[in-house]
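Residue-level structural notes
Take a look at the letters that make up each chain.
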Amino acid sequence: MKFQVLFRRAKPFLAVVFLQVGLAGMDIASKAALNEGMSNYVFVVYRHIVAFLVIAPFAVILDKKVRPRMTLLTFGKLMLMSLLEPVIDQNLYFLGMKYTTATFASAMANVLPAITFLMACFFRLEKVQLMSIRSQAKIVGTIATVAGAMIMTLVRGPDIGLPWTHGRSSHENQNNGVTLKHSIKGSIMITIGCFSWACFMILQAVTLKTYPAELSLTAWICFLGTIEGAIVAVAVERGNTAVWSIGWDYKLLAAVYSGIFCSGIAYYVQGLVMKERGPVFVTAFSPLSMVVVAIISSFILAEKMYLGRLFGAIVIVLGLYFVVWGKKNDHKSPAMKEQEIPVKQMVNITDDGTINGHSICEVTIDEVRREGAVAGVERLNNKN
């Protein structure tokens, strides 16, 4: 029984860790595809075609009983979400990655928790009490993640000299390294993309309250994202039909992997966790992806690691620790919350479904209504 309780409490943490490791793989695969000359606009379209084809059958079957009726307001939210994340965020993120490296892009994405935190506070989805130590820790951690991202952008420092990058050419080296101008340009694109991503997370959390069918929501986002992304790709790459060609190479691998995991499973998993823990919790673990990307990209893409970026990464991770520590007591399981609800009235539910205030049975209002309804149904059945 204790193991089941521990597993239930650990599920949100395991889910977001799994999510960040998968997103790290997306950074590596997409950077390899972009190095092969793939258009980021076309990549986004192919990615969401794959995601829709994979998710849609599950949504049709598994969400049949829980899927609410589509309203014009909900469809409008879906259109906006499909524009914010699949189109604006991803295209700007991949453009920023072209100007920098996979490690740099992943590190810059760590401003996402800070942006999401500020927006969640503005929309009252996050609790902040300035006199509380935990709220102060969340604020300090948020500032630290932004500061760490700025350090990684502006401070390069000497090459650490990882032994497995010696004597290997990388896309970064072929372009004489990432200059400060490229770093600033790439960081601006990635930051704007993160702002769009944060807006998407907030809107997804709000939409799930009225449309609590995660698989169907994911399928709609991927479908509409494919259409909107295709319009942008055709407009930008007009007359260049060669960019749509794809073979058995990194381009296909990146499109399939990113589509299945990062646009399909990721939207679904973050929606599940968000319903329980909120958007700030989901985005707070993004620095984990940066660590995985930095390690893998140094092996696969021969990307160099610089001291300034390492120091900025450490600042970001420390900021994450403060945010997580500050949010530790923000959430309690439903069972714990029910135990802590003060009982204001001593009531008893009799056999005929009425409430006798002289009993010693403690119940909540919801329990009174629920058990009263059950007793009423049983009484009708007995009469019949």
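Quick notes on the rules
Residues numbered from 1 in each chain as written. Predicted model: local features only at pLDDT ≥ 70, side-chain atom pairs only at ≥ 80, totals over all residues. Heavy atoms only, no water. Patch = residues over 30% accessible without salt bridge, like charges linked within 9 Å, V, L, I, M, F, W, Y side chains within 5 Å. Areas by Shrake-Rupley, 256 points an atom, 1.4 Å probe, with all protein chains shown as cover. Salt bridge = Lys/Arg side-chain N within 4 Å of Asp/Glu carboxyl O. Helix = DSSP H or I, 4+ residues; strand = E, 2+ residues; numbered from the N terminus. pLDDT = per-residue confidence, 0-100. Contact = heavy atoms within 4.5 Å. Core = buried A, V, L, I, M, F, W, Y, C linked by side-chain atoms within 4.5 Å. Buried < 20%, exposed > 50% of the residue type's maximum accessible area, 1.4 Å probe, protein only.

1. Some details on a nonpolar patch on the surface
- Together, V146, M150, L154, V155, L180, I184, I188 and I192 line one region of the surface with nonpolar side chains, adding up to about 680 Å² of accessible area.
- Listing elements by their share of the nonpolar patch, those giving two or more residues are helix 6 (133–154) and helix 8 (180–210).
- If you tally residues by element for the nonpolar patch, the top one is helix 8, at four residues.
- Here I188 is to be found in helix 8.

2. Thoughts on the confidence of the model for the protein
- Summary statistics for the protein give a mean pLDDT of 77 and a share of 78% for residues scoring 70 or more.
- Element-level mean pLDDT values for the protein span from 42 in helix 14 (residues 334–340) up to 93 in helix 9 (residues 214–236).
- Of the regions scoring below 50 in pLDDT, residues 332–347 engages in 20 contacts with residues more than four places distant in sequence or in other chains.
- Note that residues 355–368 has pLDDT below 50 and, in this model, 28 contacts with residues that lie over four places away or in other chains.

3. Side note on the nonpolar core
- In this structure, F94 and F200 are the most contacted members of the largest nonpolar core, which totals 65 residues.
- The element best represented in this core is helix 8, accounting for eleven residues.
- F200 has contacts with M81, L84, E85, I221, Y267 and Q270, leaving out every residue within four places of it along the chain.

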